[in-house]
Amino acid sequence: MTDKARVALLEQANEPLRIRELPIPEVKEGCVLVKTLASGVCGTDVHCWRGQVKLPLPVILGHESVGTIEKLGAGRTQDSMGEPIAEGDRVFWVAGHPCNKCYGCVILKDTTACSNRKSYGTSYSCADYPYLVGGYSEYVFLTGRSFLFKIPEQVPAEAAIAFGCGFPTAVKGFEVIGGVGPGKSVLIQGAGPVGLSCVVLAKLGGAHPITVMGAPHPRLEMARRLGADRTIDIAGLDRPEDRVKKARDEAGEADLCIEATGYPTAVAEGVELVRPNGRYLLMGVFSDLGPAPINPSVVVRRNLKLYGSVFWEPRHLHEVLRLLALCNDRLKLEDAVSARYALEDATQALHDVEALKCVKAVIAPHAH
Ligand SMILES: [Zn+2]
Ligand SMILES: [Zn+2]
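Every chain begins its residue count from 1, and numbering advances along the sequence as written. Chain letters start at A and ligand numbers start at 1, both assigned in the order the entries are written. The predicted nature of this model means local features are confined to residues of pLDDT at least 70 and side-chain atom pairs, given and counted, to a pLDDT of 80 or more, with totals for whole chains, interfaces and linings taken over all residues. Excluded from the side-chain calculation are hydrogens and water; included are all heavy atoms of the structure.

1. Notes on the overall build of the protein chain
Secondary structure elements are taken from DSSP: a helix is a run of H or I of four residues or more, a strand is a run of E of two residues or more, and numbering for both begins at the N terminus. The secondary structure content of the protein chain amounts to 11 helices and 17 strands. For a compact globule of 368 residues, the expected C-alpha radius of gyration is about 21 Å, and the protein chain comes in at 20 Å, within 12% of that figure. Viewed in the frame of its principal axes, the protein chain has a C-alpha envelope of about 60 × 40 × 40 Å. The buried share among the 368 residues of the protein chain stands at 55%. Pairs of residues are marked as contacts when any of their non-hydrogen atoms sit within 4.5 Å. Counting contacts in the protein chain only where the partners sit at least 6 residues apart, residues at least 24 apart contribute 69% of the total. Surface summary for the protein chain: the accessible area is close to 15600 Å², and the carbon and sulfur share equals 51%. Side chains of the protein chain give 41 positive and 42 negative charges; the mean places of these two sets differ by 4 Å. Within these notes, the globule rule equals 2.2 Å times the number of residues to the 0.38 power, and the radius of gyration is based on C-alpha atoms. Partly exposed describes any residue whose relative accessible area lies between the buried limit of under 20% and the exposed limit of over 50%, with all areas from a 1.4 Å probe on protein chains only and scaled to the type maximum. Shrake-Rupley sampling with a 1.4 Å probe provides the accessible areas, and residues are treated as covered by the protein chains on show and by no other component. In this count, Lys and Arg are taken as positive residues and Asp and Glu as negative ones, while His and the chain termini are left out. The location of each charge is read from NZ of Lys, CZ of Arg, CG of Asp or CD of Glu.

And the structure:
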């Protein structure tokens, strides 16, 4: 086995990622070395690359990855659910690390509220041990604090990674709002991985009708395949009032509206599309792109309930894997992976994701 791993490194915002070789540390007690099968290119990666997220450069991007276990350190014999694991097993590892000693972690017992949260792929510099701390790399080195789950045998690796961190994000968001009931109308703004995951969850909850507003066409087609009853293509609708009018005309107001766009300005449109006493769940605007005005009077006069939800806990990823084991025969999420890139082409992948060219793009460091 090699003692070095090739990585695509973010050294400077807006510059092409650089291919470098980093040392693979000794796999000590409790640690796991994972050979990367596929690492999702998340919208957040684009924001990181564009300098919109503060990072301890140099950083290896990639916070949603699946791989095979290359080497297990002594004492690491089970995944985070107690399933036995062995070298060669496929796993989905959890990028986030809570501090376990803040108000969120200890008192709220909700690690998504951790005030010192760190994550592979964003908040660790690869200049420090254990170096291989992001998914745009041939290998990832997990220390004892990392959670990981075995991917169920019947689930293709690309189905597991298809919506990346978006799927557990959506599962946690639905948990925050207590789910959606049968026959409730849902409007989802955004047809990226978070929005598409919400389609799956809304459908499983019996919601109807489910409407997705977004672009481009292939993403909306995927939304339909996953159970959306109606899609609204916003390409060419450049003015917010035009988008709101089209959504109202075609879908009416929704019992539940979900923001899954990443664009602050979508929120002003979203509040206009919720039925009185309805709910609005905001999950997409993770990166801080600044404020955007909304009309608070609409929120008051319609008794709206606004919810925010960020991150997810290991159990939400476990729920995703369990759900895929049950339903992926039908969902075939692997079809959402529409573009695969070598490490050398990681910069192109970021460009393509920024331009919404893919349903889902992944970096596959070992594919040729
Ligand atoms: Zn992500
Ligand atoms: Zn904490």
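2. So, unusual backbone geometry
With an omega of 0 degrees, the peptide bond running from Y129 to P130 counts as cis. Take P130: it is sitting in the loop between β7 (118-119) and β8 (139-142). Residue P216 is reached from A215 by a cis peptide bond, and omega for that bond is -10 degrees. As for its placement among the helices and strands, P216 is situated in the loop between β11 (210-214) and α6 (217-225). With a phi angle near 65 degrees, N100 is a residue other than glycine that sits in the positive phi range.

3. Quick word on the nonpolar core
It is characteristic of soluble globular proteins that their nonpolar side chains tend to be buried jointly. Counting 57 residues, the largest nonpolar core has F167, L226, I258 and L333 as the members making the most contacts within it. The split of the chain into domains comes from an automatic or database domain assignment. Shared between two domains, this core holds at least three residues of each, these being domain 1 (4-164 + 312-363) and domain 2 (166-308). Every residue in contact with F167, bar those within four places of it in the chain, is listed here: S197, V200, L201, V320, L323, L324 and L333. Remark: nonpolar core denotes a set of buried residues (Ala, Val, Leu, Ile, Met, Phe, Trp, Tyr, Cys) joined through side-chain atoms within 4.5 Å. Membership of the second largest hydrophobic core comes to 48 residues, among which are L10, I24, C48 and L148.

4. Here's the deal with helix α7 (residues 240-251)
Each α-helix winds once per 3.6 residues, and so residues spaced three or four apart point in a common direction. The end-to-end C-alpha distance of α7, which contains 12 residues, comes to 16 Å, matching closely the 16 Å that a straight helix rising 1.5 Å per residue would cover. Three or more residues of α7 are buried, namely R243, V244 and A247. Relative to the axis of α7, the buried residues are bounded by an arc of 100 degrees and lie together on one face. Projecting away from the buried face of α7 at angles above 90 degrees are the exposed residues K245 and D249. Positive backbone phi, at 70 degrees, marks G252, one or two positions downstream of α7. The length a helix should cover is 1.5 Å for every residue beyond the first. To be clear, the arc concerns the directions from the helix axis to the C-beta atoms.

5. A short note on the coordination of the zinc ion (ligand 2)
Only C99 (SG), C102 (SG), C105 (SG) and C114 (SG) from the protein reach the zinc ion (ligand 2) as donors, at distances of 2.3 to 2.4 Å. The sequence pattern formed by the donor residues of the zinc ion (ligand 2) is C-x2-C-x2-C-x8-C. By relative accessible area, C102 is classed as buried at 9%. Water is absent from the atoms considered, so a metal site may look incomplete; donors are defined as N, O and S atoms within 2.8 Å of the metal, or 3.2 Å for Na, K and Ca.

6. Re the pattern of salt bridges
Think of a salt bridge as a Lys or Arg side-chain nitrogen and an Asp or Glu carboxyl oxygen that are within 4 Å of each other. One pass over the full model with this rule turns up 22 salt bridges. Measuring nitrogen to oxygen at the nearest pair gives 3.1 Å for the salt bridge that ties E11 to R20. Note on E11: relative accessible area 30%, which makes it partly exposed. Between R243 and E269 there is a salt bridge, with the nearest N and O atoms lying 2.7 Å from each other. Placement of the pair is R243 in helix α7 and E269 in helix α8 (residues 266-271), with a sequence separation of 26 residues. Each member of the pair R243 and E269 is classed as buried. What emerges from the salt-bridge pattern is a single network uniting E11, E15, R18 and R20.

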